[in-house]
Amino acid sequence: MSHSLSINKRTGIWDWLTTVDHKKIGIMYLAAAGLFFVIGGIEAFLMRLQLMYPNNDLFVGSTFNQLMTMHGTTMIFFVAMPAIFGFMNAVVPLQIGARDVAFPFLNSLGFWLFFLGGILLNVSWFAGGAPEGGWTAYAPLSSSSLYTGTGLDYYVLGLQISGAGSLMGGINFLVTIINMRAPGMTFMRMPLFTWTSFVISALILFAFPPLTVGLFLMFFDRLFDANFFDPTGGGNVVIWEHLFWIFGHPEVYILVLPAFGIFSEVIPTFSKKRLFGYHSMVFATVLIGFLGFMVWVHHMFTVGLGPLANSIFAVATMAIAVPTGIKIFNWLFTLWGGQIRFTTANIFALGFIPSFVMGGVTGVMLAMAPADFQFQDSYFVVAHFHYVILGGTVFGLFAGLYYWWPKIFGRMLNETLGKWHFWLFFIGFHITFFPQHLLGVWGMPRRVFTYLPNQGLDTGNFISTVGAFFMGAAVIVFLFNVIWTTKRGERAVNDPWDGRSLEWSISSPAPEYNFAQIPQIRGLDAYWVEKMAGNKEMKPSEPLGEIHMPSPSILPLIMSLGLFISSFGFIYHNYYIAGAGLLITFACMFIRSIKDDHGYHIKPDEMSERDRGITA
Amino acid sequence: MIQWQHVKRLIPLIGVMMLTLTGCGKPYLSALDPKGPVAEMQLSLIKLSLYIMIGVVLVVAIIFTYVLIRYRKRPNQDGIPEQVEGSAKLEILWTVIPIILLIILAVPMVSQTFTLAKDYSGESDTVRVKVIAHQFWWEFEYPDLGIKTAQELYIPTGKKIQFEITSADVIHAFWVPALGGKIDANPGMVNKMWLEADEPGVYQGRCAELCGASHALMDFSVIAVSSGEFEDWVKEMKTPPTETVDADLAKQGEEFFNQSCITCHAVNGTGGNFGPDLSTFGDRQKIAGILEFNEENLERWLKDPQGVKPGNKMPNLNLNDEQISGLVEYLVNLKR
C-alpha cells in the first residue's frame, strides 16, 4: 500500500525552492510575511521609543525617516499583501473545490518576485542607508538624488519587482476563481473569503499598473536624470501623487477586503449561523471595490486642486461608509440569535468590530475636505489608518491564522496563549493609537522624529509608547505559540470548528491534490449543507481517477534572482551587471517557453485511503 | 470579560467628548482651541461629524454588547440556531440611515469647502503674504509692503491674510493649527489660502509634509498683533536701524559676516537669498525656529548647525571662539 508521500520526488529545502503547490506557496508567503512583520514591528517599536519623550535623541533626522519609511513600506507591501496572498493560496482553491490555481508556475514566480523584492529593499539598510522619503515617496524629495541617497533606488526597484509579483498573483486568482470552481459552485455560492479575494484580484489588476508606471517614471528621474517630477525641468511634482494614490487608495481596500472575507467566515462558523444578508455582503464588497477607485484624491485635499475637485472626491469618499456600514450590521445580525463561541479566532473577529468602526468613522471625518485641512498629515491620520489597517487587516490576519492554522499545518494553535495574544494586542493597540487622534488635533504632524516639550504633546506620546510595549509582548506570545505548537501542539482533525465551507471536508493538512474527487456543490456553505443532510462527506462529481499535477520548477526562483541581481547593476550604475541580471531572467523565460513539461499524474492507489473515501 | 470590553470601548469615547467640549490642549498650537474664523469653521465641522460618528459608534456598541451577552453559547446548549438568510427590511434600513447622515454632513462640508477657497487678494483690507518654504525654514514676503522676513510671520488681528504659498525645493505644507488648516507648498506651483487671527498672540506653525531629515524641526511662529502695532512694525521694518552697534566685538562680527555669511544671508537688503534674511534677527523669538532665543543657543547653532537641525543647508564653518562671539554680538543687535 502506498500513500501520498511517495509522490513527492523532491524533499527538504529543494522541495520548497521548486514547489508549485499552492498550499506550500501559501505557507512560504505566510512565513515571509511573518519575517517582515517582525522587522517592520521592530522599526515601529524603535520609532515609538524615540517619541517616548520630547527632544529625545535616540534616532533623529535621516535615521528616523529611514525607520519610518521602512516601517510603512514593509508593513504594506511585505507583510499585509503577502499575508493576504498566503491565505488566498492556502484557502481559495480549497473553498472553490479546485485542485490547484490556474497558473501554478506563475504562482511560484509571483512569490519569489515578492520575496526577493522585499530582501532587496532591506539590503538598503546595509548599503548606505534605507529609503527616507516616507512610504508614499513624494517627488521631488524622492525622485531627485539631490535630496536622498541610494536608499530610494532600493525602494523603487524593490517595489517594482515585488509589484510585478503581486500583479501576477492577482491575475492568477482572477482566472482561478472564474475558471476552476467545482460543479455547482456558482458565484452566488462562493464563500465570502473567496468573493473578497476575487474582488481584490480585480483591484490588483487595475491598481498596480499605475504604481508600475509611477515607479518607472521615478526610476528614470533618479537613474537617468529625467524630469518627470522636476519643475525646474518642466516636470510636475503632483503627477507622482496622483499615480501613487490611484494605486494607493485601492491598495488599502486590497488589504482590508480579504480581512472582511475572513471575518465573514469566522463569525458565522463560531455563531453557528449562516452569514446574515449574504447577497448584500457580496454587493457591498463589489461596491467598495468599485468606489475604491473613485476616491484617491482624498489623500490630496491639501495639494491645492481646488474646491470643486475636493468636494466631488469628498462626497465620493463618504459614500464608501454606506456599504461598509451594511457589512458591520450584517455581521452583528449574524451573531444575533446564534451560539457564540469565544475561540481565539472569534475574539479577534469580535475585537475587530468596535475597533474597525472607530477607524471607519474617523475615515468619514477625514473625508470632509475642510476638516481634513486640519487632519491631513497629522497624527490624527496616523491614528485613523492604524485603526483601519491594524483593527481591520491585522485582526483579520490573526483571526485567519487561528482559524485556518489546523487546515494549513495540521496542528491546532494553543488557545490559552492565543487569548493572551489577543488581549495584550487588543489593549496595546488601543493604548497606542487612541491618543494619537488627540495628538493630531493638538498640532503634531506625522513623520516627525521629535516634538518640543510643554506643547501639550508629552503625555499623549508617552502613553502611546507604553501601548507599543503591550503590542510587542503580544507578538512575542504569538511567536512562542507558533514554535510551541509546531513542536507539541495538538493534531488537528479535519473539521475542528464545525465549519461550513468546503476546505473543512478534506484532511488537515490538505493532500497535495486537495480533492481526490472534485465535489458536487449543492448550495451556499457547501459542507454545512451536506452535514445538515446527514452526510459525512461531499458528494463527488466525478469517478476516482488519475490526477494531473504540474511539475516543480526552480526557474521562478532563478528568474527572480536575475532581476534581483540586475537591480544592483542599476542602483550602482553598472550596466554590465544590470544587463547580465536581465539576461538570466530572459534565459529562464526562453527555457520555460521551449521546454515541454506535461507534469505528472497521481494514480488512485497513491492516494490515502481516507481521501479515496474508504473508511479506514 | 465581555462587560469589561464594553466599558473599555466607552472610556475613550467619553474622553473624546470631554476633551472636545472643554477645548483641551495647549493654547496656540491646538486645532481644538481655534483663534481665528477659519479654524473655528473647521472645528465646527469636526464637531458636527464627531457627534454624528459618536452616535453611530454607540449604536454599534449597544447592539454588539447585547449580542455578545445574550447569544453566547451556554453549556449543554444543543441544537442548531435558525439559519436566517437576511432581512430586506433591516438591510434597507441600515443603508438608508447612513445615506441620510452623510447628506447632513455633506451639505455644510461642500459649502465650507468653497468658502475657504475664496481669494481675498483684491480687497483693500487684506494683507498679502507670499510664503516660500525651504529645507528647513520659512520665508515670508509682503509684496505690497516691500518687506521680507524669515521664520516669524507678523500679521494684524481682525484682517484677512491672503497667502500665496510655494516651495523652493521639495514639497512642504504650511500649517498653523490654531488659525486654520494646512495647504501644501509645492515647488513650481502657487497655492492660495486665507487665514485670520481674532486676538493677538504667538501661534505655532509647522511643516506638515515630510521634507527631509529635519522635517520635524521646521517650525515657525505667527505673531498676531493689533492693527496699530502691525503698522508700527511695518514702519520700523522699512526704516532699518542706522547704526545700533558700536562695540568693537560687534564690528568684528559684522566684518566676518560680510566676508562669509553674506553669500547666503541678507541683512537690510544686501546678501544672498539661500538662507533666511537676518535683517531683524535680534527681534526673533526662536533660533532656527526651535531653540529659545538667547546667546548661548545662538553659539550652539553657529558651532554645530547640523547637530541642531540635521540635514539643513547651513555648513559647519568651523568658527573659532572669537569669530563666534563677534557674530553673536553682531546678530543679537540686529534689531528694529
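In what follows, the structure referred to is the one given above.
Let me begin by describing the structure that accompanies this report. Keep in mind it's a predicted model, so treat the numbers as computed, not measured.

Turning our eyes to something else, we now look at the overall build of chain B. From N to C terminus, chain B includes eight helices and 14 strands. For chain B, the share of sequence-separated contacts (at least 6 apart) that also reach a separation of at least 24 residues comes to 64%. Accessible surface computed for chain B: about 14600 Å², of which carbon and sulfur atoms make up 57%.

The subject of this paragraph is the overall build of chain A. Scanning chain A from terminus to terminus reveals 18 helices and two strands. C-alpha extents for chain A along the principal axes are approximately 70 × 60 × 45 Å. Across the 616 residues in chain A, those meeting the buried criterion constitute 66%. Surface accessibility of chain A: about 19800 Å² in total, with carbon and sulfur atoms responsible for 70%. Put simply, chain A has 32 plus and 33 minus side-chain charges, and the middle of one group is 10 Å from the middle of the other.

Further remarks concern the nonpolar core. When a protein is soluble and globular, its nonpolar side chains tend to lie buried together. One finds Trp331(A), Ile353(A), Phe425(A) and Phe174(B) to be the most contacted residues of the largest nonpolar core, which totals 306 residues. In terms of residues, this core owes the most to one element, helix α3 (residues 61-95) of chain A, which gives 20 residues. Formed by seven residues, the second largest nonpolar core is a distinct cluster that contains Ala516(A), Ile547(A), Tyr600(A) and Met607(A).

Another point: the pattern of salt bridges. Working definition: two side chains of opposite charge can pair if their charged atoms are close together. Taken as a whole and assessed by the stated rule, the structure comprises 20 salt bridges over all chains. Linked by salt bridges that have partners in common, Asp495(A), Asp498(A) and Lys531(A) make up one network.

Turning to helix α3 (residues 88-116) of chain B, a few remarks are in order. Turn by turn, an α-helix covers 3.6 residues, leaving residues three or four places apart pointing in a common direction. The terminal C-alpha atoms of α3(B) lie 42 Å apart, and with 29 residues this matches the ideal 42 Å at 1.5 Å per residue to within 8%. Residues of α3(B) that are buried include every one of Glu91(B), Trp94(B), Pro98(B), Leu102(B), Leu105(B), Ala106(B), Met109(B), Gln112(B), Thr113(B) and Leu116(B), and no others.

The next point concerns the pairing of strand β1 (residues 127-134) of chain B. The two faces of a sheet get side chains in turn, since along a regular strand they alternate between them. Residues and elements named next belong to chain B. Among the eight residues in β1, six count as buried, and that is most of the element. Two strands pair when backbone bridges link them, and β1 and strand β5 (residues 161-167) are joined in this way by seven bridges, in the parallel orientation. Note on β5: the bridge partner recorded for Lys130 is Glu164. Judged from the five bridges that link them, β1 and strand β2 (residues 137-142) form a sheet pairing that is antiparallel. Paired with Val131 across the two strands is Phe140, which belongs to β2. The antiparallel hairpin formed by β1 and β2 contains two residues in its connecting segment.

Taken together, the contact between chain A and chain B spans 98 residues of the former and 94 residues of the latter. For the pair chain A and chain B, the two sides together bury roughly 8200 Å², of which 73% comes from carbon and sulfur. Run the count over chain A and chain B and you get one salt bridge. In this structure, the salt-bridge partner of Arg447(A) is Glu209(B), at a minimum N-O distance of 3.7 Å. Across the contact surface, chain A and chain B share 25 residue pairs in polar contact (both at pLDDT 80 or more).

Rules used in this analysis
- Residues numbered from 1 in each chain as written.
- Chains lettered and ligands numbered in written order.
- Predicted model: local features only at pLDDT ≥ 70, side-chain atom pairs only at ≥ 80, totals over all residues.
- Heavy atoms only, no water.
- Helix = DSSP H or I, 4+ residues; strand = E, 2+ residues; numbered from the N terminus.
- Contact = heavy atoms within 4.5 Å.
- Areas by Shrake-Rupley, 256 points an atom, 1.4 Å probe, with all protein chains shown as cover.
- Buried < 20%, exposed > 50% of the residue type's maximum accessible area, 1.4 Å probe, protein only.
- Lys, Arg positive; Asp, Glu negative; His and termini not counted.
- Charge placed at Lys NZ, Arg CZ, Asp CG, Glu CD.
- Core = buried A, V, L, I, M, F, W, Y, C linked by side-chain atoms within 4.5 Å.
- Salt bridge = Lys/Arg side-chain N within 4 Å of Asp/Glu carboxyl O.
- Expected span 1.5 Å × (residues − 1).
- Pairing = 2+ DSSP bridges.
- Buried area = accessible area lost by both parts, 1.4 Å probe.
- Polar contact = N/O pair within 3.5 Å; in protein donor to acceptor, adjacent residues only side chain to side chain.

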